[in-house]
Amino acid sequence: MTSQFFNRMTPYMFMAPAGIIMAIALIYPLGYMMYGSLLDWNPSQSIGEAEFVGLKNYVTLWFDPAFRESLGVTLTFAFFVVFAEMLIGVGLALLLDRNIRGMSVLRTLFILPMMIAPVVVGLMWRYMYHPSIGIFNRFLDKVGLEKVDWLGQNALMSVILADIWQWTPFIFILSLAALQSLPQSAIEASRIDGATPWQQIVYIKLPMMLPILIVTALLRLIDAFKVLEVILVMTEGGPGLSTEILALRISRTATEFRELGVAAAMSNYLLMLLMILTVSMFAFTRWQERRANRLAAAIQEDE
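Scope of this entry: the structure provided in the associated data block. Counting restarts for each chain: residues are numbered from 1 in the order of the written sequence. In view of the model being predicted, local features appear only for residues whose pLDDT reaches at least 70, and side-chain atom pairs are presented and counted only at 80 or more, with totals across whole chains, interfaces and linings using the full set of residues. Water and hydrogen atoms were dropped before computing side-chain values, which therefore reflect all heavy atoms in the structure.

Right, let's talk about the packing of aromatic side chains for a bit. Two rings belonging to Phe, Tyr or Trp (six-membered ring only in the last case) form a pair when the distance between their centres is within 6.5 Å. Interplanar angles under 30 degrees mark stacking, angles over 60 mark edge-to-face geometry, and anything in between is tilted. Applying the stated criterion across every chain yields a total of 16 aromatic pairs. Look at Phe136 and Trp150: their rings are 5.5 Å apart centre to centre, the planes differ by 50 degrees, and that puts the pair in the tilted class. Here Phe136 is found in helix 6 (residues 135-142), whereas its partner Trp150 is found in the loop between helix 6 and helix 7 (155-180), with 14 residues between them in sequence. Type-normalised accessible area, obtained with a 1.4 Å probe on protein chains alone, sets the label of each residue: buried when under 20%, exposed when over 50%, and partly exposed for intermediate values. Classification of Trp150 as buried rests on a relative accessible area of 18%. Taken together, the ring pairs in this structure connect Trp125, Tyr129, Phe136, Trp150 and Trp165 into an aromatic cluster. Runs of H or I in DSSP of at least four residues are treated as helices and runs of E of at least two as strands, each being numbered from the N terminus.

Right, here's the structure in full:
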């Protein structure tokens, strides 16, 4: 019995050092932030000197119009960038999933925007949106159209376009890898049965790619909630609060307003929102898998 116990525990013993390190690296900072959010704390104090205020920071934020507006901007930004990037990235992957001469060169060109530092991306798009010397307004002027105030009334949409340009290649690369890893037997069988290319995409390829697409969308969604540098360089959160996402507001609250407890509470609100979205997307994935298994079982019974 003793030897069997040690045999079962051996894998966990090998994993224990890494697990302990991960627990210290993840759980301790998270607990520190949770505790800090319950304090009236500023950078001139140590955490032990800060006054304990309980849930006051959370209640204050809940009724703060500026916080709610930043939350709305964050949700709007994340929804539009993830939706557009998934649509364009998956569409490009389906379009280029074939033997094309120079495909390796095309892939390299597609991933170039991801390799550029966010600060550089923000500066580049800021100059492209410039009202007088920017490339977009110069083009509109040449074709006889009225210039657009890109970083004024259209600031949020302009920031969204910059993010789509930078991160659509991420979706494209993962989607293309998922497509090329699909079992060719199912695709060939559908072709033999007379399925058109469009039917193959809708009924074969996309359903088989769905688990990978959900994880890909989740990764981009989490990252979209944390975008900071590009928006900070392009608009600094303005005009007004029109492009101030939560990550930027948290940074300002901690550094400019010197309210570390309130910033920690904002971070926890953002963490809770991301956890809800993550659990919801994984629950949807499991539901889809169970539905597919029931459908496969029903087909086998009919046969």
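A word on the nonpolar core. Here, nonpolar core means buried Ala, Val, Leu, Ile, Met, Phe, Trp, Tyr and Cys residues that are tied together by side-chain atoms lying within 4.5 Å of each other. Judged by nonpolar contacts, the single largest core of 58 residues is most densely connected at Leu61, Phe77, Val82, Met86, Ile231, Met234 and Ile245. Those elements that provide at least two residues to this core are helix 2 (56-62), helix 3 (65-95), helix 5 (118-128), helix 7, helix 9 (197-225), helix 10 (229-234), helix 11 (246-255) and helix 12 (260-302). Broken down by element, this core gets its largest block of residues, 11 residues, from helix 3. Residues in contact with Val82, not counting those within four places in the same chain, are Ala217, Arg220, Leu221 and Ala224. Here, two residues are considered to be in contact whenever any of their heavy atoms come within 4.5 Å of each other.

Let us now look at the packing of helix 8 (residues 184-192) against helix 9. Lines fitted to C-alpha atoms define the axes, with helix axes restricted to the stretch in contact, and inter-axis angles between N-to-C directions lie between 0 and 180 degrees. One way to put it is that helix 8 packs onto helix 9 with a least axis distance of 11 Å and a crossing angle of 170 degrees. Taken together, the axes of helix 8 and helix 9 lie roughly antiparallel to each other. Our pair here, helix 8 against helix 9, has a crossing hand that is right-handed. Contacts between helix 8 and helix 9 pair Ala186, Ile187, Ser190 and Arg191 from the former with Gln200, Ile204, Lys205 and Met208 from the latter. Three categories are distinguished: nonpolar for Ala, Val, Leu, Ile, Met, Phe, Trp, Tyr, Cys and Pro, charged for Asp, Glu, Lys and Arg, and polar for the others, with Gly belonging to the last. Taken together, the residues that form the contact of helix 8 with helix 9 break down as four nonpolar, two polar and two charged. Roughly parallel here means an angle under 35 degrees, roughly antiparallel means over 145, roughly perpendicular means 65 to 115, and every remaining angle is called oblique. Definitions for this section: a left-handed crossing has its near helix turned counterclockwise from the far helix by less than a right angle. A right-handed crossing has that turn clockwise.

Our focus in this paragraph is the environment of Met114. Relative to the assigned elements, Met114 resides in helix 4 (residues 103-115). Separated by 62 residues in sequence, Met114 and Leu176 have C-alpha atoms that sit 16 Å apart. Beyond its immediate sequence surroundings of up to four residues, Met114 is in contact with Gln166, Trp167, Pro169 and Phe170.

We now examine a positive patch on the surface. Taken together, Arg286, Arg290, Arg291 and Arg294 make up a surface patch of like positive charges. Positionally, Arg294 belongs in helix 12. Without a salt bridge and with relative accessible area above 30%, a residue can belong to a patch; like charges are then joined within 9 Å and nonpolar side chains (Val, Leu, Ile, Met, Phe, Trp, Tyr) within 5 Å. Methods summary: accessible areas were calculated by the Shrake-Rupley approach with a probe of 1.4 Å, and residue burial reflects only the protein chains presented. The term salt bridge refers to a side-chain nitrogen of Lys or Arg lying within 4 Å of a carboxyl oxygen of Asp or Glu. Charged-residue counts in this description rest on Lys and Arg as positive and Asp and Glu as negative, His and the chain ends being excluded. Every charge is mapped to an atom, namely NZ of Lys, CZ of Arg, CG of Asp or CD of Glu.

The next point concerns a nonpolar patch on the surface. Nonpolar side chains collect at one region of the surface, where Ile100, Val105, Leu106, Leu109, Leu112 and Met115 lie side by side and expose about 520 Å² of accessible area between them. Positionally, Leu112 belongs in helix 4. By relative accessible area, Leu112 is classed as partly exposed at 40%.

Counting across every chain of the model gives eight salt bridges. The partner of Arg249 in a salt bridge is Asp64, with the nearest N and O atoms 4.0 Å apart. Taken as a pair, Arg249 in helix 11 and Asp64 in the loop between helix 2 and helix 3 lie far apart in primary sequence, 185 residues in all. Here Arg249 falls in the buried class, since its relative accessible area comes to 11%. A residue is classified by how much of its surface remains accessible, and Asp64, at 22% relative accessible area, is partly exposed.

The subject of this paragraph is the packing of helix 5 against helix 7. Helix 7 packs onto helix 5 with a crossing angle of 130 degrees between their chain directions and a minimal axis gap of 11 Å. Here helix 5 lies oblique to helix 7, going by the angle between them. Crossing handedness for the pair helix 5 and helix 7: right-handed. Contact residues: Pro118, Val121, Met124 and Trp125 in helix 5; Leu161, Ala162, Trp165 and Gln166 in helix 7.

With that settled, consider the environment of Val119. Residue placement: Val119 occurs in helix 5. Each residue touching Val119, except ones within four places of it in the same chain, is listed here: Glu229 and Val233.

A word on helix 9. Taking 1.5 Å per residue, 29 residues should reach 42 Å; helix 9 reaches only 36 Å between its end C-alpha atoms and comes up short. Fitting axes to the seven residues that end at a residue and to the seven that start at it, the angle between those axes gives the bend at that residue. A maximum bend of about 55 degrees is found in helix 9 at Leu210, where proline Pro211 lies one to four positions downstream. To estimate how far a helix should reach, multiply one less than its number of residues by 1.5 Å.

Glancing now at the side chain of Thr168. Residue placement: Thr168 occurs in helix 7. Taking the relative accessible area as the measure of exposure, Thr168 reaches 7% and is therefore buried. Ignoring sequence-local partners within four residues, the contact set of Thr168 consists of Glu85, Ile88, Gly89 and Asp163.

Attention now moves to unusual backbone geometry. In this structure, Pro239 follows Gly238 across a cis peptide bond, with omega equal to -5 degrees. With respect to the secondary-structure elements, Pro239 resides in the loop between helix 10 and helix 11. Although it is not a glycine, Glu236 adopts a positive phi angle of roughly 55 degrees. In this structure, Arg258 takes a positive phi of about 60 degrees despite not being glycine. Here Arg258 lies in the loop between helix 11 and helix 12. For Arg258, a relative accessible area of 42% corresponds to the partly exposed category.

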